[in-house]
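Working through the structure, step by step
Listed here are the chains, written in short residue letters.
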Amino acid sequence: MKKIVTAVIISCLTAVSCCAIVDTDKISIKEAVSIASKNNLDIQSSRLNINIEKNNIKTANRLMNPGVGVFYNFGKAGKGNPQQVGLSQTVEIGKRGVRKSLAKSTFNLAERNVEYLEFDLRMDVREAYTNLLASKSVLTTMQEQEELLNTMLQVAKEKYKTKEVTQIDVLQAQLLLNQIITQVNSAKYDVKTALYEFNKVINSPDGFYDTIEDHFTDDYKPLLIPKPDAEMPDFEIISNEAITNRYDIKIALQEIEVAEKNLIVVLRQKVPDLEVSGGYSYQNPGQSGEGIFKNGAYLGVNLVNLPILYNYKPEIENAKLKLQQAHLNYASVENKAVNDLKKTYEKFLTAQINLNYYNEELLSSSEELIKASRKSYREGKIDLTTLITMEESYRMITIAHTYALADYYNAWNAFIREVNNEEFTVSTDDV
């Protein structure tokens, strides 16, 4: 009865896990990056900031609107005094040009920010693509192990029929197979989760996507990854190039420019403006004193916004502090960039060493050992307990190798993110 219940539970778990997500488009990593760059909703929203700042340039270049005024005297107050109808116009002195210059710098900053977001998105897509492929590779490894353990169970059953082993061997083999089935189901769930995360990063309303590959292979070129035997340049060479290319450093430099121009704009607030007025002036016969209609024109000029009662000192101090902040931020960004780059450089080298060790040593020796162990069990030279121990070790090594591959891919993606150069190549890299 227990066997029947166990079989039913395993069957249900397998059925649930096998419910695949339908209607997925298989795409390469280059296609994934391209689709996300064009259709990602967050990027589309951020690009609108460029149009907003472009409009702000026009706003900064605006002229002051004129005013219309009427001056009329009533009663005796009008005797000998003219009546006036005219226009007034405030003319900014030394403000419009620097305000427009600040708007242009802010526009350039918006472009830099969007460029950085677009680059960051491309790297997120690469990482999500790699993580999905890693999950699928682990599932493939688990499924291969499930097939092998099922074969081992059949061998145990045959040996039990011929009285070569006891029923304990069959039960042990069945238990191990049941364990791997639950692990396969968990691996299937991990694939689905990684698939949703991948599409979340792409964030496109036009489709649901999956990796074109089903597992890692020996061909690194399609995934834009150098071969494990690639030799990395010296760190100093990489560091100098990265400092020139990094978007966050370019943004920090642009922020300094914005802060400098903002200080100039604030300082120019202390410069008085001109108010120019002019128009038509006249006197009615009854108010002219001479009994005749008189008319003419008038022109007036005033200095306005004199910095007497308020001299903009707080705004100027704040603008200076913001400039100081921008310089400190640049120094901080540059310092952090070098440290982050060094960390990812070392991480990639370590991942490269580990992967090469698996490729050159662990995998080949473990494959030979497990083949020999399976053969020995069939021939009755070792017991099932020994074979199970060998199987567990082999499965751990093969899964660890898959994770080592994923670490290698992710370490390269992290390194490229810090270098800010997607075209970065190494000496033996044929990507």
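Structural data are supplied above this passage.
Going along each chain's sequence as written, the residues are numbered from 1 onward. This being a predicted model, a pLDDT of at least 70 is required before a residue's local features are given, and a value of 80 or more before pairs of side-chain atoms are given or counted; all residues contribute to the totals for chains, interfaces and linings. Excluded from the side-chain calculations are hydrogens and water; all other atoms, namely the structure's heavy atoms, are used.

1. Digging into the overall build of the chain
Runs of H or I in DSSP of at least four residues are treated as helices and runs of E of at least two as strands, each being numbered from the N terminus. For the chain, the helix and strand inventory stands at nine helices and six strands. Whereas a compact globule of 431 residues would reach a radius of gyration of roughly 22 Å, the chain reaches 38 Å, over 25% beyond that. Principal-axis analysis of the C-alpha atoms gives the chain an extent of 145 × 55 × 35 Å. Counting only residues that meet the buried cut, the chain has 39% of its 431 residues in that class. It only takes one pair of heavy atoms within 4.5 Å for two residues to be counted as in contact. The long-range fraction of contacts in the chain, counting pairs at least 24 apart against all pairs at least 6 apart in sequence, stands at 82%. Here, Shrake-Rupley sampling with a 1.4 Å probe gives the accessible areas, and only protein chains in the shown set may cover a residue. Entry remark: accessible area of the chain is about 24100 Å², with carbon and sulfur atoms responsible for 56%. The average position of the 49 basic charges and that of the 57 acidic charges among the side chains of the chain differ by 9 Å. Radius of gyration: over C-alpha atoms. The globule rule applied is 2.2 Å multiplied by the number of residues raised to the 0.38 power. Type-normalised accessible area, obtained with a 1.4 Å probe on protein chains alone, sets the label of each residue: buried when under 20%, exposed when over 50%, and partly exposed for intermediate values. Only four residue types enter the tally: Lys and Arg on the positive side, Asp and Glu on the negative side, with His and both chain ends excluded. Charge positions are represented by NZ for Lys, CZ for Arg, CG for Asp and CD for Glu.

2. Comments concerning the pattern of salt bridges
By convention in these notes, a salt bridge is any Lys or Arg side-chain nitrogen within 4 Å of a carboxyl oxygen on Asp or Glu. For the structure on display, the rule yields 19 salt bridges. E115 is the salt-bridge partner of R112, the closest N and O atoms lying 3.9 Å from each other. You can see R112 and its partner E115 sitting in helix 4 (residues 96-161), three residues apart, about one turn around the helix. Residue class for R112 comes out partly exposed when judged on its relative accessible area of 27%. Taking the shortest distance from any N to any O, the salt bridge between E257 and K261 comes out at 3.5 Å.

3. Quick word on the nonpolar core
One finds M152, F198 and I202 to be the most contacted residues of the largest nonpolar core, which totals 41 residues. Elements supplying a minimum of two residues to this core: helix 2 (29-39), helix 4, helix 5 (167-202) and helix 9 (384-419). Beyond its immediate stretch of four places on either side in the chain, F198 contacts I27, A32, V125, A128, Y129, L132, Y209 and D210. By nonpolar core is meant a set of buried Ala, Val, Leu, Ile, Met, Phe, Trp, Tyr and Cys residues that side-chain atoms within 4.5 Å join together. If you look at the next biggest cluster of nonpolar residues, it comprises 31 residues, including L133, I416, V419 and F424.

4. Quick notes on the packing of aromatic side chains
Pairing of aromatic rings covers Phe, Tyr and Trp, the last counted by its six-membered ring, and requires centre-to-centre distances within 6.5 Å; plane angles under 30 degrees mean stacked, over 60 mean edge-to-face, and any other angle means tilted. Scanning the model with the defined rule gives 17 aromatic pairs in all. With centroids separated by 5.6 Å and ring planes inclined at 75 degrees, the aromatic side chains of Y129 and F198 adopt a geometry described as edge-to-face. Of this pair, Y129 sits in helix 4 while F198 sits in helix 5, and the two are 69 residues apart along the sequence. For the pair Y129 and F198, one class covers both residues: buried.

5. Observations concerning a nonpolar patch on the surface
Taken together, the side chains of L303, L306, I308, L309 and Y310 present a nonpolar region at the surface, about 590 Å² in accessible area. Among the secondary structure elements, Y310 is positioned in the loop between strand 6 (294-304) and helix 8 (313-378). Residues with no salt bridge and a relative accessible area higher than 30% make up the patches, which join like charges within 9 Å and nonpolar side chains (Val, Leu, Ile, Met, Phe, Trp, Tyr) within 5 Å.

6. What to know about the pairing of strand 5 (residues 273-283)
For two strands to be treated as a pair, DSSP must find at least two bridges joining them. For strand 3 (residues 83-91) and strand 5, the ladder comprises nine bridges, and the chain directions are antiparallel. Among the inter-strand pairings, T90 is bridged to a residue of strand 5, identified as E275.

7. Overview of the environment of A60
In this structure, A60 sits in helix 3 (residues 41-60). The exposure class assigned to A60 is buried, which follows from its relative accessible area of 6%.

8. With respect to the pairing of strand 3
Here is the key point about a regular strand: its side chains alternate between the two faces of the sheet. With five bridges connecting them, strand 2 (residues 67-71) and strand 3 associate as antiparallel partners. When the sheet's bridge partners are listed, V70 is paired in strand 3 with V85.

9. Overview of the sheet that holds strand 6
In spatial order, the strands read 2-3-5-6; together these four strands make up an open sheet with antiparallel pairing. Strand pairing shows two members of the sheet lacking a second neighbour, strand 2 and strand 6, which therefore form its edges. When the angles between neighbouring strand axes are averaged without regard to direction, this sheet yields 20 degrees. The convention used is that axes are lines fitted to C-alpha atoms, helices contributing only their stretch in contact, and that angles between N-to-C directions extend from 0 to 180 degrees.

10. Here's the deal with the packing of helix 4 against helix 8
Two measures define how a pair of helices packs: the angle their axes make with one another and the distance between the axes. At a minimum axis distance of 11 Å, the contact between helix 4 and helix 8 shows a crossing angle of 20 degrees. Taken together, helix 4 and helix 8 sit at an angle that is classed as roughly parallel. As for how helix 4 packs across helix 8, the hand of that crossing is left-handed. For the pair formed by helix 4 and helix 8, the contact residues are L148, T151, V155, A156 and K159 on the first element and R374, Y377 and R378 on the second. Just so you know the grouping, Ala, Val, Leu, Ile, Met, Phe, Trp, Tyr, Cys and Pro go in nonpolar, Asp, Glu, Lys and Arg go in charged, and all remaining residues, Gly too, go in polar. Classifying every residue of the contact of helix 4 with helix 8 by side-chain character gives four nonpolar, one polar and three charged. Roughly parallel means an angle under 35 degrees; roughly antiparallel means over 145; roughly perpendicular covers 65 to 115; every other angle is labelled oblique. When the near helix sits turned anticlockwise from the far one by under a right angle, the crossing is termed left-handed; a clockwise turn instead gives a right-handed crossing.

11. Focus: the side chain of E418
Among the structural elements, E418 can be located in helix 9. Residue E418 is classed as buried on the basis of its relative accessible area of 13%. There is a polar contact of 2.7 Å between the side chain of E418 and the side chain of R246. In this structure, E418 is in contact with A242, R246, D340, L341 and T344, ignoring residues within four places of it in sequence. The definition of a polar contact used here is a pair of N or O atoms within 3.5 Å, where within protein one atom must be able to donate a hydrogen and the other to accept one, and adjacent residues in sequence count solely through side-chain atom pairs.

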